[in-house]
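Commentary on secondary and tertiary structure
Chain residues, written in single-letter form:
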Amino acid sequence: MSLRGKLLRWLVIPLMVVNLAGATAIYWLAWLPAQSALDQSLADAAWALVPHVQESGNSVELQLSQQAEQVLRVDHFDEIFFVVRDINGKTIAGDLDFPVLRTPDQANTWIAYLSRMRGEDIRAITLRTVVAGEPILIGVAETRVKRLQFKLRILLSLVGLELLLLLLIPVVVWFALNKGLLSLGELQQNLELRKTDDLSEVPLAKAPREVVPFIRAINVLLARVQDSARAKQDFLANAAHQLRTPLAGFKAQLEWLQAHHRDDPDTAQSTALMMVSTERMVRQANQLLALARSEPGDFERNRLERISLDELVSESVQNFVDQATKKTIDIGFDLQPTFVKGDRFLLRDLIDNLVDNAIRYSPEGSVVTVRCTQDDSYGVLTVEDDGPGIPDADKEKIFSRFYRLDQSQQGSGLGLAIVRDIVKDHDAVIGVRSGENGHGTVFTIRFPV
Amino acid sequence: MHVLLVEDDPVLADGIARILRGHGMAVDVVHNGDDADRALQAREMSVAVLDIGLPGIDGFEVVRLLRARGSQLPVLLLTARDDVQDRVRGLEMGADDYLVKPFAAPELVARLKALVRRSNPRPVDLQLGGLQLDPFARRATIDGLTIELSAREWAVLEYLMQHASRVVSKQQIIDAILPWGEEVTLNAVEVYISRIRAKIDKAGISIKTIRGFGYMLEQSAL
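What this report covers is the structure whose coordinates are included nearby. (Residues numbered from 1 in each chain as written. Chains lettered and ligands numbered in written order. Predicted model: local features only at pLDDT ≥ 70, side-chain atom pairs only at ≥ 80, totals over all residues. Heavy atoms only, no water.)

**Quick look at the pattern of salt bridges**
Under the defined criterion, the tally for this structure stands at 35 salt bridges over all chains. Between A:Arg118 and A:Asp97 there is a salt bridge whose closest N-O contact spans 2.8 Å. Taken together, the positions of A:Arg118 in the loop between β5 (109-117) and β6 (120-131) and A:Asp97 in the loop between β4 (91-94) and β5 put the pair 21 residues apart, joining distant regions of the chain. A salt bridge links B:Asp35 to B:Arg38; its shortest N-O distance comes to 2.8 Å. With B:Asp35 and B:Arg38 both in helix α2 (residues 33-42) and three residues apart, this pair spans about one turn of that helix. Look at B:Arg38 and you get exposed, because its relative accessible area is 53%. Shared partners join several salt bridges into a network, and the residues in it are A:Asp39, A:Asp75, A:Asp78, A:Arg123, A:Glu142, A:Lys146 and A:Arg147. (Salt bridge = Lys/Arg side-chain N within 4 Å of Asp/Glu carboxyl O. Helix = DSSP H or I, 4+ residues; strand = E, 2+ residues; numbered from the N terminus. Buried < 20%, exposed > 50% of the residue type's maximum accessible area, 1.4 Å probe, protein only.)

**Thoughts on the packing of helix α4 (residues 212-260) of chain A against helix α5 (residues 265-294) of chain A**
Residues and elements named next belong to chain A. Relative to each other, α4 and α5 sit at 160 degrees, their axes nearing to 9 Å. As judged from the angle between their axes, α4 and α5 are roughly antiparallel. For the element pair α4 and α5, the recorded crossing hand is left-handed. Grouping the constituent residues of the contact of α4 with α5 by class yields 18 nonpolar, six polar and four charged. (Axes fitted to C-alpha atoms, helices over the stretch in contact; angles between N-to-C directions. Parallel < 35°, antiparallel > 145°, perpendicular 65-115°, else oblique. Left-handed = near helix turned anticlockwise from the far one by under 90°. Nonpolar A, V, L, I, M, F, W, Y, C, P; charged D, E, K, R; others polar.)

**Details of the interface of chain A and chain B**
Across the contact, 31 residues belong to chain A and 32 residues belong to chain B. Carbon and sulfur atoms supply 56% of the area buried between chain A and chain B, which totals about 2600 Å² over both sides. Counting the surface chain A buries against chain B, the share from its top three residues, A:Arg244, A:Gln318 and A:Phe345, is 22%. Here chain A and chain B share one salt bridge between them. Salt-bridge contacts for A:Asp330 lead to B:Arg211; the nearest nitrogen and oxygen are separated by 3.3 Å. On inspection of chain A and its partner chain B, the count reaches 13 residue pairs in polar contact (both at pLDDT 80 or more). Of all the secondary structure elements, the ones that give two or more residues to the side of chain A that touches chain B are α4, α5, α6 (309-326), β9 (330-335), α7 (344-360) and β11 (367-374) of chain A. Considering every element that reaches the side of chain A that touches chain B, the biggest residue donor is α4(A), with 13 residues. Looking at the side of chain A that touches chain B, its residues break down into 15 nonpolar, 10 polar and six charged. (Contact = heavy atoms within 4.5 Å. Buried area = accessible area lost by both parts, 1.4 Å probe. Polar contact = N/O pair within 3.5 Å; in protein donor to acceptor, adjacent residues only side chain to side chain.)

As structure tokens, this is what we get:
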């Protein structure tokens, strides 16, 4: 159920009801004066008869010429009836079948009322007067054609007006609602258009007073989400750090053991395998740390500094060469002076992950090349291998967490997800394509300078 | 070469101590900052390996106290954290190098040797495989037989021997052999290397080319 629909219903229906009540009131306001004017003219006719009621002997008669009676009875629309009766109801003159007269309480007053005569509804008035000391009742009535026409005319105009309002009210309410709900729409847009990792506060400044509590609540929620994300990252980082000393101890002991039992093939085999596992644990711990560090939500852009990418790669060359040598991979470099704006540790994680991937997923005897170059507006890092390559269909998926192209290789499935996060942190762009002749893979990252 | 090792994790301390002893170093092990401070005052050392997170006074403070006493002893810090602040603070306090746990033993050994060599201008004999360099006499021998080297070749080979099993860039080689800033091109380095290769090919060692970067002198695979 939408708020708009609810408001619309709550506004339009009562407005219609109020409007209908108004129309009824207007109807009566228009009709009542008309009715009393028409009644008055009936009364005037009755008053006009009074002088003609005269005493004759000890009775009372109506002295009315035929001409005068015709004048009295003439009307465009209605038939006019009249009667003169004494207080006992005896007809003195006029229409004998005039219905029984209602009697006003006082002399020289009249009352109006509805009645029936000759099978038709009539409007009648009774005037009570006194002639020669005798109370006399004069009734005048007319059929209701004129009156019904009046009523019809009023009704028709009202119906027209009502129809117009019926159409106008929802439109006006709709516009008013949209205008009023605009700030809600803006809030919605603010929340919808923000990047998935953007947990910053929703601005309060332009919000109407009624929406402020909602925005506050949303901000509280956002802050809580941010806190929990940070807590998760802190936990990850902490756990990774905590693992390092025991791992270092284990590794040192193992290295000593390896050196001491180099000549016993069985033990050497066993220690070599243990070393492989240890290296994996070390790498996994470092990956967890890198993951926590690169999480875009936790990343502070103000930490970025001008960094020499070629020097950063140089610092890891030893590590890369050791790794590549173990797999008899020919690793090479082409490091031009390249400067980018970045975070030293994140960039190192990025370089490590890309090169590690290239070495890990290329078969023995492959060639891996790391390049960095500067052009006018970009610092470009390229890692190229001539390994099995990545099918086009998988080129997007490889950046997902825990997605692994080659299940036979040991890997965390985090490497390229970390790379992607770090690329995002740096507003850089990563591209992946096949190498020359369609062999191997080339990762290219362009950093804004 | 006498090493003071300060590490509170007993497994790691024991492991490092064994490895360093295996490389012919004398190792004293202490497990907290206070003992480290006392040991540094009591004994003459060649180098200290110092964990940052220690019970009692921490590694930063041990270095600060050491430098406050005017000691030039080379110090390598070990840490489980790789925050910038840790590194910067360690180096500001007067540490000479920095290694993040967990590390490879050869890396630690190489760095310690480099630190000691830097602090100790007295040249020591360098030996790898069948090759022996006597820096004092500027004499290179393979299995006791002297080989002839030009001054430049000698300097390059000495630098490679000092960094055996380590990757060195061409630029590092140039910087090392020409402290007075003579012009030497990267190509010239390649020429020296190829001449040296020809002269040491019987020593059971080889100079590996790291494409586009530099070289690594290592013992040939047996």
